[in-house]
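# Overview (structure and organization)
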Amino acid sequence: MIDEHRQDLAAEYALDALDPESARAFEAMLANDAELRALADDLRETAATLALDAPSHLPPPELRERILSRIRAEAQATATAAATPVVPPQASPTATPVQSGGGRNLLPWALAAGFAITTAALWMERGPLQQDRNALLQEARELRERDVLAKVKIATLSSQVEAYSKATAVIVWDAEKQHGVVKLTNVPPAGAGKDYQLWVIDPKHPAPVNGGLVPVNADGIARVSFAPDQPISKADKFAISLEPAGGVPKATGPIVLLGGY
Amino acid sequence: MSPAKESDRQIDAQLLARIATGDESAFGALYDRFSPGLFSFVLKMTRDEKEAEDVLQEGFAHIWRRAATYDPARSSPFTWAVMILRNKAIDRLRVRQRLDRTIEKATVEFSHFPETDDASAGEAERRDEGALVRSALVQIPAEQKQAVELAFFSGLTHEQIAEKLGAPLGTIKARIRRGLLKLREYLEGVA
């Protein structure tokens, strides 16, 4: 017989409502209690059936290909990384753009650019941002009120790696003035010898265009005005990567946030 | 468990095993089987089609990367996938809450999107299952149903639910526990 306290814990565990420490403690209990484990698993199965209590909606057909493209890109990047020995980055970036002859480091960017090109139309067709994105729109309103920007587009970036799943990134871009503002929240520290760097993905440029460094404070927040170092004809996507401290003229590091309008 | 459900579970588990080896066609097949139900679910949670699409994308990317960690002894593949997407959606809901402090809006109003009629044939079966769940929820006392739904869909912690409903935390935990147990009892009874 399982007492009510342990039933409560099982219900919370089934709903992922226990804090990490309590969840670990409960899992230790489960390891020695088959009955409790069966209850916890049953309750999780039961809770998951609630997902079926949602009005039926089909995802847009193009989403399937977008997801398949993403996992293909991940698989290729993983295979490439596994097949290539790690080479230390350049000791320090130079002010002059460095020509990159090797395709290895550019592969994730090539994939990102390809992704951007193939999906740009879909992103652009989405129309105005929806009401629930109040926070993002508020950002734009705030900027407009301060006359910082007049005609702007708002891009939202999403995480490309697990550690950034809670990060939010908003970019307000004024194509006419060729400058923008990037705001990040909940971003992990870049780490010793590293900086976050912004890139603009424009189909007219073979490689991402440098948007400059994005210093993140101790609270994981950044708010930076930027102007890309080359003219942008069409900012299809924006990306944030982790680069050697001080930044690099050509992207080399992992993309941690990527997105568009 | 009915033979049809058991067969579905085996098919899904086999697909996950293939995905764990990098089989893209298995991933596509699993997407076709799960995406209608999962998309409907995350849309109900996020109430935002764009956000639901992003959650679906993140969730399936996670499934692709972590298929090898699926344990058939612990849950069905669909439950495993539901919980992955639910956590992704909750992460976004909490970020949203932090950003614009719309916690009230995000939890009080559950969505009432008009239902579509163009669901795939496979969706008909899922609709039947959905009807079963809805009929089960009717059997549960209203306050337990409310607590269970808030706990499952809203991303609120149990403490936040207690605060929101103006009830002691212990009472909320008991409502959720009793609600889930009754739901399980009913669903097992009709399976």
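This structure is a prediction, so every number in the text was calculated from the model and none was measured.

## Details of the sheet that holds strand β1 (residues 153-159) of chain A
Where strands meet in a sheet, backbone hydrogen bonds hold them as pairs that are either parallel or antiparallel. Residue and element names in this part refer to chain A. Pairing is antiparallel across the open sheet formed by eight strands, whose spatial order is β5-β4-β7-β8-β1-β2-β3-β6. Looking at the sheet topology across the chains shown, the edges are occupied by β5 (209-213) and β6 (222-226). In this sheet, neighbouring strand axes are inclined to one another by 25 degrees on average, regardless of whether the strands run parallel or antiparallel. Sheet topology places strand β4 (residues 194-201) next to β5; four bridges connect them, and they run antiparallel. Each bridged residue has a counterpart across the sheet, and for tryptophan 199 the counterpart in β5 is asparagine 210.

## Looking at the packing of aromatic side chains
Under the defined criterion, the tally for this structure stands at 13 aromatic pairs over all chains. Ring geometry for A:Tyr164 versus A:Tyr196: centroids 6.1 Å apart, planes at 90 degrees, classification edge-to-face. Here the residue A:Tyr164 occupies a position in the loop between β1 and β2 (168-174), and A:Tyr196 occupies one in strand β4, the gap between them amounting to 32 residues. For the pair A:Tyr164 and A:Tyr196, one class covers both residues: buried. Members of the aromatic cluster, connected to one another through ring pairs, are B:Phe27, B:Tyr31, B:Phe60 and B:Trp64.

## Here's the deal with the nonpolar core
By size, the foremost hydrophobic cluster in this structure holds 76 residues, and its most contacted members are A:Phe26, B:Leu38, B:Phe60, B:Ile63 and B:Phe152. Beyond its immediate sequence surroundings of up to four residues, B:Phe152 is in contact with A:Leu15, A:Ala47, A:Ala48, A:Leu50, A:Ala51, B:Phe41, B:Met45, B:Val82, B:Met83 and B:Arg86. Counting residues in hydrophobic clusters, the runner-up holds 27 residues, among them A:Ala167, A:Ala169, A:Val200 and A:Tyr261.

## Observations concerning the environment of A:Ile154
Residues and elements named next belong to chain A. On the secondary structure map, isoleucine 154 appears in strand β1. According to the relative accessible area criterion, isoleucine 154 is buried, its value standing at 11%. A sequence separation of 28 residues divides isoleucine 154 from valine 182, and the C-alpha atoms of the two residues are 9.8 Å apart.

## Considerations on the environment of B:Leu16
The residue B:Leu16 is located in helix α1 (residues 3-19) in this model. Those residues in contact with B:Leu16, other than ones at most four positions away along the chain, are B:Leu30, B:Ile63, B:Ala67, B:Tyr70, B:Pro77 and B:Trp80.

## Topic: the interface of chain A and chain B
Contacts between chain A and chain B engage 59 residues on the former and 81 residues on the latter. Note on chain A versus chain B: buried area summed over both sides is about 6,500 Å², and carbon and sulfur give 57% of it. Here chain A and chain B share 10 salt bridges between them. Residue B:Arg134 is joined to A:Asp53 by a salt bridge in which the shortest nitrogen-to-oxygen separation is 3.3 Å. For the interface between chain A and chain B, the tally reads 15 residue pairs in polar contact (both at pLDDT 80 or more).

## What to know about the pairing of β4(A)
All names here are of chain A. Counted residue by residue, β4 has six buried out of eight residues, so it is predominantly covered. Two strands pair when backbone bridges link them, and β4 and strand β7 (residues 237-244) are joined in this way by eight bridges, in the antiparallel orientation. For lysine 194, the partnering residue across the bridge sits in β7 and is proline 244.

## Quick notes on unusual backbone geometry
With the exception of glycine, most residues fall at negative phi, and the peptide bonds are largely trans. Residues and elements named next belong to chain A. Phi at aspartate 16 is positive, roughly 55 degrees, even though this residue is not glycine. Mapped onto the elements of the fold, aspartate 16 is located in the loop between α1 (4-14) and α2 (20-31). Located in the positive-phi region is asparagine 186, a residue other than glycine, with phi close to 55 degrees. Its place among the elements puts asparagine 186 in the loop between β3 (179-185) and β4.

## A short note on the confidence of the model for chain B
Residue and element names in this part refer to chain B. Chain-level statistics for chain B give a pLDDT mean of 82 and a share of 80% at 70 or above. Mean pLDDT across the elements of chain B ranges from a minimum in helix α5 (residues 103-108), with 37, to a maximum in helix α2 (residues 24-46), with 94. Across residues 100-123 the pLDDT falls below 50, and counting only partners more than four positions away or on other chains, this stretch makes 47 contacts in the model. Overall fold confidence for the complex sits at a pTM of 0.57, while the interface term, ipTM, reaches 0.81.

What counts and how
- Residues numbered from 1 in each chain as written.
- Chains lettered and ligands numbered in written order.
- Predicted model: local features only at pLDDT ≥ 70, side-chain atom pairs only at ≥ 80, totals over all residues.
- Heavy atoms only, no water.
- Pairing = 2+ DSSP bridges.
- Helix = DSSP H or I, 4+ residues; strand = E, 2+ residues; numbered from the N terminus.
- Axes fitted to C-alpha atoms, helices over the stretch in contact; angles between N-to-C directions.
- Phe/Tyr/Trp six-rings, centres within 6.5 Å; stacked < 30°, edge-to-face > 60°.
- Buried < 20%, exposed > 50% of the residue type's maximum accessible area, 1.4 Å probe, protein only.
- Core = buried A, V, L, I, M, F, W, Y, C linked by side-chain atoms within 4.5 Å.
- Contact = heavy atoms within 4.5 Å.
- Buried area = accessible area lost by both parts, 1.4 Å probe.
- Salt bridge = Lys/Arg side-chain N within 4 Å of Asp/Glu carboxyl O.
- Polar contact = N/O pair within 3.5 Å; in protein donor to acceptor, adjacent residues only side chain to side chain.
- pLDDT = per-residue confidence, 0-100.

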